[in-house]
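One-letter residues, chain by chain:
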Amino acid sequence: MLSTIPIRYVEPVYRPPSEAESLILPITDGCSWNHCTFCEMYTAPQKRFRARDADEVLESIRRTGESVGGEVRRVFLADGDALVLPTRRLLEVLNAIRVHLPAVRRVSTYCLPRNLRRKSVDELRELAAAGLSIAYVGAESGDDEVLERVNKGETFESTRAALDKLGAAGITRSVMILNGLAGPELSWRHAENSARLLNATQPEYLATLVVSFPLGEERFRGGFPGWRPLSLRELFLEMERLLEHLELRRTVFRSDHASNWLVLKGTLGADKQRLLGQVRQTLADPANAPLRPSWARGL
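Residues numbered from 1 in each chain as written. Predicted model: local features only at pLDDT ≥ 70, side-chain atom pairs only at ≥ 80, totals over all residues. Heavy atoms only, no water.

Looking at the packing of aromatic side chains
The geometry of an aromatic ring pair is captured by the separation of the ring centres together with the interplanar angle, meaning the angle of the planes.
Then step 1. Under the criterion given, the structure shown has eight aromatic pairs.
Then step 2. Seen in terms of ring centroids, phenylalanine 76 and tyrosine 136 are 6.4 Å apart; in terms of plane orientation they differ by 65°. Their pairing is edge-to-face. With phenylalanine 76 in strand β4 (residues 74–78) and tyrosine 136 in strand β6 (residues 132–140), this pair connects stretches of sequence that are 60 residues apart.
Then step 3. According to the relative accessible area criterion, phenylalanine 76 is buried, its value standing at 0%.
Then step 4. The exposure class of tyrosine 136 is buried, given its relative accessible area of 5%.
Then step 5. Summarising the aromatic geometry, the rings of tyrosine 110 and tyrosine 136 are spaced 6.3 Å apart at their centres and angled 75° between planes, so their arrangement reads as edge-to-face. Of this pair, tyrosine 110 sits in strand β5 (residues 106–111) while tyrosine 136 sits in strand β6; the two residues are 26 residues apart in sequence, bridging distant segments of the chain.
Then step 6. An aromatic cluster is defined as three or more aromatic residues linked by ring pairs; in this entry it consists of Phe213, Phe220, Phe224 and Trp227.
Then step 7. The lysine or arginine in question, arginine 196, covers the ring of phenylalanine 156, its NZ or CZ lying 4.0 Å from the ring centre. (Phe/Tyr/Trp six-rings, centres within 6.5 Å; stacked < 30°, edge-to-face > 60°. Helix = DSSP H or I, 4+ residues; strand = E, 2+ residues; numbered from the N terminus. Buried < 20%, exposed > 50% of the residue type's maximum accessible area, 1.4 Å probe, protein only. Lys NZ or Arg CZ within 6 Å of the ring centre and 35° of its normal.)

Here's the deal with the side chain of lysine 47
Then step 1. Summarising the element assignment, lysine 47 is placed in the loop between β2 (28–29) and β3 (50–51).
Then step 2. What makes lysine 47 buried here is its relative accessible area of 0%.
Then step 3. At a separation of 2.8 Å, a polar atom in the side chain of lysine 47 contacts the main-chain carbonyl oxygen of valine 10.
Then step 4. With residues up to four places along the chain from it excluded, the contact list for lysine 47 reads Val10, Glu11, Pro12, Asp29, Gly30, Cys31, Tyr42 and Asp79. (Polar contact = N/O pair within 3.5 Å; in protein donor to acceptor, adjacent residues only side chain to side chain. Contact = heavy atoms within 4.5 Å.)

As for the state of the cysteines
Then step 1. Scanning the entire structure with this criterion turns up zero disulfides.
Then step 2. Among the cysteines around cysteine 31, which has no disulfide bond, cysteine 36 carries the closest sulfur, lying 6.6 Å off.
Then step 3. Among the residues examined, cysteine 31 registers a relative accessible area of 11% and is labelled buried.
Then step 4. Lacking any disulfide linkage, cysteine 111 is separated from the closest cysteine sulfur, that of cysteine 31, by 11 Å.
Then step 5. Its relative accessible area of 3% is what places cysteine 111 among the buried residues. (Disulfide = S-S within 2.5 Å.)

Some points on helix α3 (residues 121–130)
Then step 1. Among the residues of α3, Leu124, Leu127 and Ala130 are the ones counted as buried. The buried residues of α3 occupy one face: seen down the axis, they fall within an arc of 120°. Opposite the buried face of α3, by more than 90 degrees, sit the exposed residues Asp122 and Ala129.
Then step 2. Of the surrounding elements, those touching the buried residues of α3 are α2 (87–100), β6 and α5 (156–169). (Arc of directions from axis to C-beta.)

Structure (structure tokens):
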């Protein structure tokens, strides 16, 4: 199917794991912020941020509809933060999807909290009514010092405000927290304040990933010189701390990304004690601890 899709892609292309079956539709290239020192996704020269030409995007949707329109059920708006575009432009894209890809039942995108500062709840409701279903928000941490050291460009309050806006508009929120981001020095604060952010906003989905640096740690350490990676035990202790402080009612929780050492799945708060039990059992018996992250197991 991919070979028949008339869309211009700029490699590498990223999307959330749960969008594996989605049509990736770039309406921007790169990330409009792109200063987070932990993120390597859009640092390649060809991924410099730009909004795609509106006519190119609309033509891609029309031609995709002609070739595989009946097969597409989900669309992911790429790249790093499509919601940076004006509401008018986004509505044009969503309306074109509705017309030319009539089988689509879900449209999703990454979302930087900063890009919702100039969007009202009413605008977001318009986007939801036009088909925008899910926003993936990389909160990373709820601790302001951690966010400052990794140059996230956000605070606890700016992330909370964005998540509340999305929730008020009826857009499903999937929040990501980075296990190990704070190193040992700020680990407890990172876990507790991340839980505080999540408790305040009650997102529909929560995922945790483990921070990693395939291209090296130099860029990250520039703003966080005392940082070191957490040991396996420290990662599990941080996860225990996060779960202990979470008071969520109906949030689907997943810690099953390729970077995670211990796979955890459940609904919070119904499964909180079971999930805590899994972490504590692993901590109590080192023989239970995996020797490799999930992507490497079985090799």
